[in-house]
Amino acid sequence: MRITEKRRLESALRERFRSERPSAGANAGHAGAVAALAAAEAARVSGSGFGAGDLARAAVRFSPRAFWAAPAAVAALALALALSGAPAHEAQAALVASGPVLVAACLAGVVRARSCLMQELEASCPSNAAAVACARLAVLGGATLLSLAFACAACAAIIPAGAAAAYALAPYLVSAAGGLMLARRAVSTDAAAAAVIWSAGVCALCLLLRVAVPAAYSAGAVWAWAAVSAAGALWLAREAVGWLRLCAQGGVASESARRARAF
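Residues numbered from 1 in each chain as written. Predicted model: local features only at pLDDT ≥ 70, side-chain atom pairs only at ≥ 80, totals over all residues. Heavy atoms only, no water.

## A word on the overall build of the chain
And step 1. Looking only at helices and strands, one finds 12 helices and 0 strands in the chain.
And step 2. Sequence-ordered secondary structure for the chain, helices as α and strands as β, is α-α-α-α-α-α-α-α-α-α-α-α.
And step 3. Here the chain, with 263 residues, has 38% of them falling under the buried criterion.
And step 4. By sequence separation, contacts in the chain at least 24 residues apart represent 83% of the contacts at least 6 residues apart.
And step 5. Carbon and sulfur atoms provide 68% of the accessible area of the chain, an area that totals close to 14,600 Å². (Helix = DSSP H or I, 4+ residues; strand = E, 2+ residues; numbered from the N terminus. Buried < 20%, exposed > 50% of the residue type's maximum accessible area, 1.4 Å probe, protein only. Contact = heavy atoms within 4.5 Å. Areas by Shrake-Rupley, 256 points an atom, 1.4 Å probe, with all protein chains shown as cover.)

## Considering the packing of aromatic side chains
And step 1. Considering all chains together, one arrives at 5 aromatic pairs under this definition.
And step 2. A ring pair is formed by Tyr167 and Tyr217, whose centres lie 5.4 Å apart and whose planes are at 45 degrees; its orientation type is tilted. Residue Tyr167 is found in helix H9 (residues 161-185), and its partner Tyr217 is found in the loop between helix H10 (191-212) and helix H11 (222-248); the two are separated by 50 residues along the sequence. We note that Tyr167, like Tyr217, is buried.
And step 3. Each ring, one from Tyr167 and one from Trp225, has its centre 5.4 Å from the other, and the planes form 85 degrees; the classification is edge-to-face. In this pair, Tyr167 is assigned in helix H9 and Trp225 in helix H11, connecting sequence segments 58 residues apart. In this pair, the class of Tyr167 matches that of Trp225, namely buried.
And step 4. Here Arg210 stacks its cationic end above the ring of Tyr217, 5.4 Å away from the centre of that ring. (Phe/Tyr/Trp six-rings, centres within 6.5 Å; stacked < 30°, edge-to-face > 60°. Lys NZ or Arg CZ within 6 Å of the ring centre and 35° of its normal.)

## Here we look at the packing of H9 against H11
And step 1. At a minimum axis distance of 7 Å, the contact between H9 and H11 shows a crossing angle of 30 degrees. Taken together, the axis directions place H9 and H11 in an arrangement best described as roughly parallel. Crossing geometry of H9 relative to H11 is assigned as left-handed.
And step 2. Here the residues of the contact of H9 with H11 are counted per class, giving 23 nonpolar, 5 polar and 2 charged. (Axes fitted to C-alpha atoms, helices over the stretch in contact; angles between N-to-C directions. Parallel < 35°, antiparallel > 145°, perpendicular 65-115°, else oblique. Left-handed = near helix turned anticlockwise from the far one by under 90°. Nonpolar A, V, L, I, M, F, W, Y, C, P; charged D, E, K, R; others polar.)

## Observations regarding empty space enclosed by the protein
Remark: the empty space left among the atoms is shown by a probe the size of a water molecule rolled over them.
And step 1. By the definition in use, this model includes 1 cavity of 30 Å³ or more.
And step 2. Looking at the largest cavity, its volume works out to about 30 Å³.
And step 3. Val74, Leu77, Ala78, Ala94, Leu95, Ser98, Ala151 and Cys155 together form the lining of the largest cavity.
And step 4. Mapped onto the lining of the largest cavity, the elements with two or more residues apiece are helix H4 (69-84), helix H5 (88-110) and helix H8 (129-155).
And step 5. Grouping the constituent residues of the lining of the largest cavity by class yields 7 nonpolar, 1 polar and no charged. (1 Å grid on protein atoms, 1.4 Å probe; cavity = no way out; pocket = protein on both sides within 12 Å on 5 of 7 lines; lining within 4 Å. Points joined across faces, edges and corners; volume = space filled by probe spheres on them.)

## What about the pattern of salt bridges?
And step 1. In this structure the tally under the stated criterion is 2 salt bridges.
And step 2. A salt bridge links Glu239 to Arg184; the shortest N-O distance between them is 2.6 Å. Separated by 55 residues along the polypeptide, Glu239 in helix H11 and Arg184 in helix H9 bring together distant segments of the chain. Judged on exposure class, the residue Glu239 and its partner Arg184 are both buried.
And step 3. With a relative accessible area of 1%, Glu239 lands in the buried category.
And step 4. Residues joined in a network through salt bridges with shared partners are Arg184, Arg238 and Glu239. (Salt bridge = Lys/Arg side-chain N within 4 Å of Asp/Glu carboxyl O.)

## Brief notes about the nonpolar core
And step 1. Judged by nonpolar contacts, the single largest core of 52 residues is most densely connected at Leu95, Val111, Tyr167 and Trp243.
And step 2. If near-sequence neighbours (up to four positions away) are discounted, Val111 is found in contact with Leu180, Ala183, Ala191, Ala192 and Trp243. (Core = buried A, V, L, I, M, F, W, Y, C linked by side-chain atoms within 4.5 Å.)

## Looking at the confidence of the model for the chain
And step 1. Averaged over every residue, the pLDDT of the chain is 80; the share at 70 or more is 76%.
And step 2. Within the chain, the element-level pLDDT minimum falls on helix H12 (residues 255-262), averaging 43, and the maximum on H9, averaging 93.
And step 3. pLDDT under 50 marks residues 254-263. Its contacts with residues more than four places away, or in other chains, come to 6 contacts. (pLDDT = per-residue confidence, 0-100.)

## Some points on the environment of Ala168
And step 1. Looking at where Ala168 falls in the secondary structure, it is placed in helix H9.
And step 2. Separated by 71 residues in the primary sequence, Ala168 and Ala97 place their C-alpha atoms 7.9 Å from one another.

## Some remarks on the packing of H5 against H10
And step 1. Here H5 crosses H10 at 175 degrees, and the two axes come no closer than 8 Å. Classified by the angle between their axes, H5 and H10 sit roughly antiparallel to one another. Of the residues in H10, those touching H5 at His89, Gln92, Ala93, Val96, Ala97, Pro100, Val103, Ala104, Leu107 and Ala108 are Ala195, Val196, Ser199, Val202, Cys203, Cys206, Leu207 and Arg210.

## So, the environment of Ala183
And step 1. Following the sequence through the fold, Ala183 ends up in helix H9.
And step 2. We classify Ala183 as buried; its relative accessible area is 0%.
And step 3. It is 9.8 Å that separates the C-alpha atoms of Ala183 and Trp198, two residues lying 15 residues apart in sequence.
And step 4. When residues no more than four places from it in sequence are discounted, the contact partners of Ala183 are Val111, Arg114, Ala191 and Trp243.

Here's what the structure looks like:
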């Protein structure tokens, strides 16, 4: 477009805006009404506030309904195994598979704001975006941990309680840490898929290990599962902090983080 045509278009748009503008008195009255409404809403929000309990209730209310099916299914399966007197290898397989399944359901709800490109919008809301993400992690993660603890207690009638906890926690913590890492590093729209795929891979690996190397589930190997659980807990703490930091930045990684990721 030539310069003269561009200037002509700008002039036409300017005249159009001027013709659509209301009168000065009406405009001033409208601006005053908007300012009064904004001040009233700000006073209402600051007066009521959003505490941790409010954020937790909102996280429960707006969590995907499909998420709650996973903890219920894990608890029901463990109870059925305990009541039926299932053999030890079935209880072991159920425990190592339960953790990744719960993590996949949990992270699908935790990282969906990034998958739907909503983190920047959440960062501009009155509640801190990191606080909202922390509430999601606490509610969904707490529900999965309660379900996993119930499964361990139920399977303790079949295998030792310490072994049950080690078999359940190691895949759970590794799935959660790796899923958060991939959700943070992946393209925004692929965050949830990356987390779920990682959890599925951990589940498949644990089940394959149960079939190919039965000695990995012997009493003498429980210490190895405990060591993996400890390392997974440290890794998860690091990734959770990184995820909360990313949420506080509106889902946009800092320049230093980008350089670190590139190398």
